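Fold and contact review
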Amino acid sequence: MAVCPKCKQKLGLFDWGQNCPHCGVNMRFYNFEENFYREAKMAELSAAKVSIKIRRLKAAFIGGKLPVARLAVLLLPVLSLLVPVLRLRLVLPFTERTYALNGIGLFNMFSDQTLNYVFSMVHDPFNGAAFGALQRVIFAAGGAAVLGLLVFLLTVLCFISIRKMSVILCVVSALGMADAAVMLFLARSFCAVAGGQPDAVLTGSMSFGAVVTFLAFAVVFALNLLIAIKGIEIAYGEGDLERAEIAKKVRRGELKIDDLPQPIVETAETRAIEEEIRKQREKLEAMAGGDGEADREETANGQTEGIGNSEKD
């Protein structure tokens, strides 16, 4: 239920007029000047917070050579998974299939049910060792894919806290490097097991995909480490940080918005605005003064003419 801003009396359901039915005050314009200044102060604090966020966002992505380089390589770990880790040859009854063990190859193996066959053959007494070794390589490749996606997402969200997110990206990239090293070791172990079986159902040969994945995560790690150490300089607007601190105090109740001056923080921009307002006020006063003098002269001339006419009469 609405109340009158002056007398605090509750308004009825059909009290739609501008004037209060109890005290008669115009509710729309009551304390208009105070409310205007209050809204101006709140707008000043809100604009400062928005400006800080925008400048932080720009600095996180294009605030120097290091952020631009980090932005350029955010998809590098994911794209490295397109390079084959292994080249597989699977001999089945009445058919023979070859696969490149990379992102596209794993999708093809999943779509034609070959991946299910690989997992089901782990306990085979004759070829189970080779299929088990391949299964471990596939798990390592999946882990690298997850870590690559994390690098992408965390890089996109790095504006939240530039230094902290850089440290987190260093940790994720280090895990990706470790995963790539394990994947390389497991790929070599698979080739040793599968190559040592005569007439094997599953054979494979090494490729350099694991090395490329390791280097991709290493590049991301190095860039984020440099950013975490050096930091990124953010050029905030004049007075924005001070306004942000005042906004926090107002939100916590330490300061009241009505007790703050307007403008809250004086800057070169606010001084220029105040100077322009002063010039316009002086101009209006000068125009008003000139009109007053003209009116007085006209009145004096009228009186003189009236006296002259009286003498002639």
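A brief look at the structure comes next.

About the cut-offs
Residues numbered from 1 in each chain as written. Predicted model: local features only at pLDDT ≥ 70, side-chain atom pairs only at ≥ 80, totals over all residues. Heavy atoms only, no water. Buried < 20%, exposed > 50% of the residue type's maximum accessible area, 1.4 Å probe, protein only. Helix = DSSP H or I, 4+ residues; strand = E, 2+ residues; numbered from the N terminus. Pairing = 2+ DSSP bridges. Axes fitted to C-alpha atoms, helices over the stretch in contact; angles between N-to-C directions. Parallel < 35°, antiparallel > 145°, perpendicular 65-115°, else oblique. Left-handed = near helix turned anticlockwise from the far one by under 90°. Contact = heavy atoms within 4.5 Å. Nonpolar A, V, L, I, M, F, W, Y, C, P; charged D, E, K, R; others polar. Phe/Tyr/Trp six-rings, centres within 6.5 Å; stacked < 30°, edge-to-face > 60°. 1 Å grid on protein atoms, 1.4 Å probe; cavity = no way out; pocket = protein on both sides within 12 Å on 5 of 7 lines; lining within 4 Å. Points joined across faces, edges and corners; volume = space filled by probe spheres on them.

1. Some words on the pairing of strand β1 (residues 86-92)
Of the two faces of β1, only one is covered, namely that formed by Leu86, Leu88, Leu90 and Leu92; the face formed by Arg87, Arg89 and Val91 stays uncovered. As defined by bridge partners, β1 adjoins strand β3 (residues 202-206) across five bridges and the pair is classed as antiparallel. Across the sheet, residue Leu90 finds its bridge partner in β3, namely Leu202. Across six bridges, β1 lies against strand β2 (residues 95-100) in antiparallel orientation. Looking at β2, one finds that Arg89 is bridged to Thr98. In textbook terms, the turn of a hairpin is the stretch between consecutive antiparallel strands, and for β1 and β2 this stretch comprises two residues, one of which, Phe94, has a positive phi near 70°.

2. Observations regarding the packing of helix α6 (residues 128-156) against helix α8 (residues 209-230)
Packed helices, taken two at a time, are described by the angle between their axes plus the distance between the axes. Put simply, α6 and α8 touch, their axes get as near as 12 Å, and they point 25° apart. The pairing of α6 with α8 is recorded here as roughly parallel in orientation. Note that α6 runs across α8; the crossing there is left-handed. Together, Ala144, Leu147, Gly148 and Val151 of α6 and Thr213, Phe217 and Val220 of α8 make up the contact between the two elements. Here the residues of the contact of α6 with α8 are counted per class, giving five nonpolar, two polar and no charged.

3. Topic: the packing of aromatic side chains
Counted according to the given criterion, the structure contains five aromatic pairs. Relative to Phe36, the ring of Phe32 lies with its centre 6.5 Å away and its plane at 20°, an arrangement referred to as stacked. Placement of both Phe32 and Phe36 in helix α1 (residues 32-62) is noted, with a separation of four residues, approximately one turn of the helix. Members of the aromatic cluster, each reached through a chain of ring pairs, are Phe32, Phe36 and Tyr37.

4. So, the layout of surface pockets
Roughly 380 Å³ of volume is contained in the largest pocket. Forming the boundary of the largest pocket are 16 residues, of which Glu44, Gln262, Pro263, Thr270 and Ile273 lie nearest the centre. Residue assignment for the lining of the largest pocket shows that the elements contributing at least two residues are α1, α9 (240-252) and α10 (268-312). A volume near 210 Å³ is recorded for the second largest pocket. Together, Lys49, Ile52, Lys53, Arg56, Tyr236, Leu241, Ala244, Glu245, Ala247, Lys248 and Arg251 line the second largest pocket.

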